[in-house]
Amino acid sequence: MVDSGRSRVLTRRARAPRWRAVAGLTSMVLAGGALAACGTSNAATGPVTLNFYSFNDPSGAVATAVTNCSKQSGGKYTITYNKLPAAADDQRLQMARRLAAADPSMDILGLDVTWEAEFAEAGWILPWTGANKTAAEQGTLKVPLETATWKGKLYAVPYNSNTQLLWYRSDLVKTPPKTWDQMISDAEALAKQGKPHLIEIQGAQYEGTTVWFNTLVSSAGGSILTPNSQHASLGSPAVDALKIMKRLATSTAADPSLPVQMEDQNRLAMESGAAVFQLNYPFVYPSMKADKPDLFKHFKWTLYPSVIPGKPSRVTIGGIDLAISKYSPNPQLAFQAALCLRDKENQLNAAIKGGLPPTLESLYHDPAMFPDYPFHADILTALQNASVRPQTPAYQNISIVISHLVSPPAGIDPVPTEQTMRGQINEALQSKGLIP
């Protein structure tokens with residue numbers, strides 16, 4: 001995702017609606033699934049082949065987990081790692097089309113944290129029950145578990161997570177700001193002194209800007225949807241969030257490229273020396289260390305700034321959850337394999353090699369993680385106070401509505417924008433999601 005399973009860009013891009021699968025492709029999927037099923041081993045001929053569909057991990061951590069778990073199965077199964085396309089849109093579409101065709105070659109699915117409601121509502125993934133559910137929940141952070149839950153049932157096990165921190169230059173700011181108002185004021189003061197002063201954040205018309213808005217709304221004490229996910233909530237917390245976005249975009253602290261910036265552009269701007277603050281994911285730390293050692297000496301971090309003084313921010317999390325396909329010929333083995341893929345050893349490796357924050361709380365107290373994750377305590381605090389994106393099968397539509405209304409941020413008119421957003425979200429909720 002995102003919105004974050006990649007080491008560089010970990011939030012998810014906005015997805016365009018796809019309402020119907022192409023009939024020819026569905027036929028091809030059925031045919032391909034039948035061929036794959038024919039190649040699956042059984043107990044009489046050798047280990048069962050379990051197909052794992054997930055993001056293409058450049059760090060090698062996922063491939064290592066696949067190898068580890070295949071060996072540890074004691075000959076019961078072998079996991080095949082099927083790498084999905086780079087774009088989140090394409091990942092979701094490929095899996096949705098295969099599942100709509102009841103493809104039996106799909107076993108373990110690496111889902112973005114925004115897809116669970118849609119896939120569960122469509123009947124494509126199995127709920128976790130009994131001992132499997134107990135094992136999935138044991139030691140797992142509460143908020144990541146929320147991303148895997150729909151209508152009170154657990155439909156996946158959190159594989160990894162992600163959250164943003166405030167990164168800053170200690171040579172320019174001795175005491176990091178605790179609120180958005182303080183941060184913008186500090187940056188404006190630096191601008192008057194002719195010093196590096198930009199605040200880097202995601203302002204392009206895509207999923208990252210939806211994440212920014214959701215974080216601000218949640219931090220202001222509100223939510224985008226009502227608790228039953230049937231209507232828009234928004235209200236004064238959303239207006240407060242829109243005011244902050246507008247204030248930043250129209251201040252001297254705003255990067256001139258804000259309307260087109262994503263996570264990696266933020267990273268590069270900070271490394272160029274023009275910025276004092278950056279709201280971004282942990283991947284920026286090793287990048288700064290490798291690319292700009294002189295600036296790295298002053299590159300520090302703290303918790304994401306608050307909207308309400310004295311109240312912690314509620315940063316929107318990303319990550320990948322592992323679900324089991326309804327059409328898997330070997331669901332019980334798939335549940336076992338999924339639990340292995342996200343066990344302590346494999347999550348630690350993913351954190352160190354891939355920069356992906358674990359979902360198992362105990363790892364944040366494991367000294368093995370500390371050298372490569374010196375910010376582990378703040379990541380844990382952020383995850384414990386985190387928020388999730390609106391949970392609904394219609395999430396793709398809602399994300400598009402939000403990103404189109406808040407980008408460019410300078411064009412926001414807080415009260416009218418909130419009113420327009422409320423109406424468009426309620427219209428989007430009338431759909432049943434983006435099931436092809």
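**Student:** Even after reading the chapter, I still don't get the overall build of the protein chain, so can you show me in this structure?
**Tutor:** Looking only at helices and strands, the protein chain features 17 helices and 11 strands. The burial tally for the protein chain puts 57% of its 436 residues in the buried class. Entry remark: accessible area of the protein chain is about 16,300 Å², with carbon and sulfur atoms responsible for 54%.

**Student:** Is there a simple way to think about the sheet that holds strand β6 (residues 157-162) in this case?
**Tutor:** Strand-to-strand pairing in sheets goes through backbone hydrogen bonds, with the strands running parallel or antiparallel. One open sheet holds the five strands; their spatial order is β2-β1-β3-β11-β6, and the pairing between them is mixed. Looking along the sheet, the strands with just one partner apiece sit at the ends: β2 (77-83) and β6. Averaged over all pairs of adjacent strands, the angle between their axes in this sheet comes to 20°, without regard to strand direction. Where helix α3 (residues 88-100) meets the sheet, it contacts β1 (48-54) and β3 (108-112), and its direction lies at approximately 135° from that of β3.

**Student:** Teacher, can you tell me more about the pairing of strand β11 (residues 318-324) here?
**Tutor:** Residues in a regular strand project their side chains so that they alternate between the two faces of the sheet. Of all the seven residues making up β11, seven are buried; the element is thus mostly covered by neighbouring parts of the structure. Taken together, the five bridges between β3 and β11 define a ladder with antiparallel strand orientation. The residue of β11 that forms the bridge with Leu109 is Ala323.

**Student:** Can you help me understand the sheet that holds strand β10 (residues 299-302) in this one?
**Tutor:** Within the open sheet, the four strands sit side by side as β8-β9-β7-β10. Their pairing is mixed. Looking at the sheet topology across the chains shown, the edges are occupied by β8 (198-200) and β10. Averaged over neighbouring strand pairs, the angle between their axes works out to 20° when direction is ignored. Pairing analysis gives four bridges linking strand β7 (residues 165-169) to β10, with the strands arranged antiparallel. Paired with Trp167 across the strands is Trp301, a residue of β10. Across the sheet, helix α7 (residues 180-192) is in contact with β7, β8 and β9 (275-280); its angle to β9 comes to roughly 150°. Seen against the sheet, helix α11 (residues 284-291) touches β7, β9 and β10 and runs at an angle of roughly 170° to β10.

**Student:** What exactly am I supposed to notice about unusual backbone geometry here?
**Tutor:** Most of the time, phi is negative for any residue but glycine, and the peptide bond is trans. A cis geometry characterises the amide bond from Ser407 onward to Pro408, with omega recorded as 5°. In this fold, Pro408 is placed in the loop between α16 (395-406) and α17 (414-428). Notably, Ser229 is not glycine yet its phi reads approximately 65°, a positive angle. As for its position among the elements, Ser229 is in the loop between α8 (207-219) and α9 (236-249). Given a relative accessible area of 13%, Ser229 falls into the buried group.

The rules behind each value
- Residues numbered from 1 in each chain as written.
- Predicted model: local features only at pLDDT ≥ 70, side-chain atom pairs only at ≥ 80, totals over all residues.
- Heavy atoms only, no water.
- Helix = DSSP H or I, 4+ residues; strand = E, 2+ residues; numbered from the N terminus.
- Buried < 20%, exposed > 50% of the residue type's maximum accessible area, 1.4 Å probe, protein only.
- Areas by Shrake-Rupley, 256 points an atom, 1.4 Å probe, with all protein chains shown as cover.
- Pairing = 2+ DSSP bridges.
- Axes fitted to C-alpha atoms, helices over the stretch in contact; angles between N-to-C directions.
- Contact = heavy atoms within 4.5 Å.

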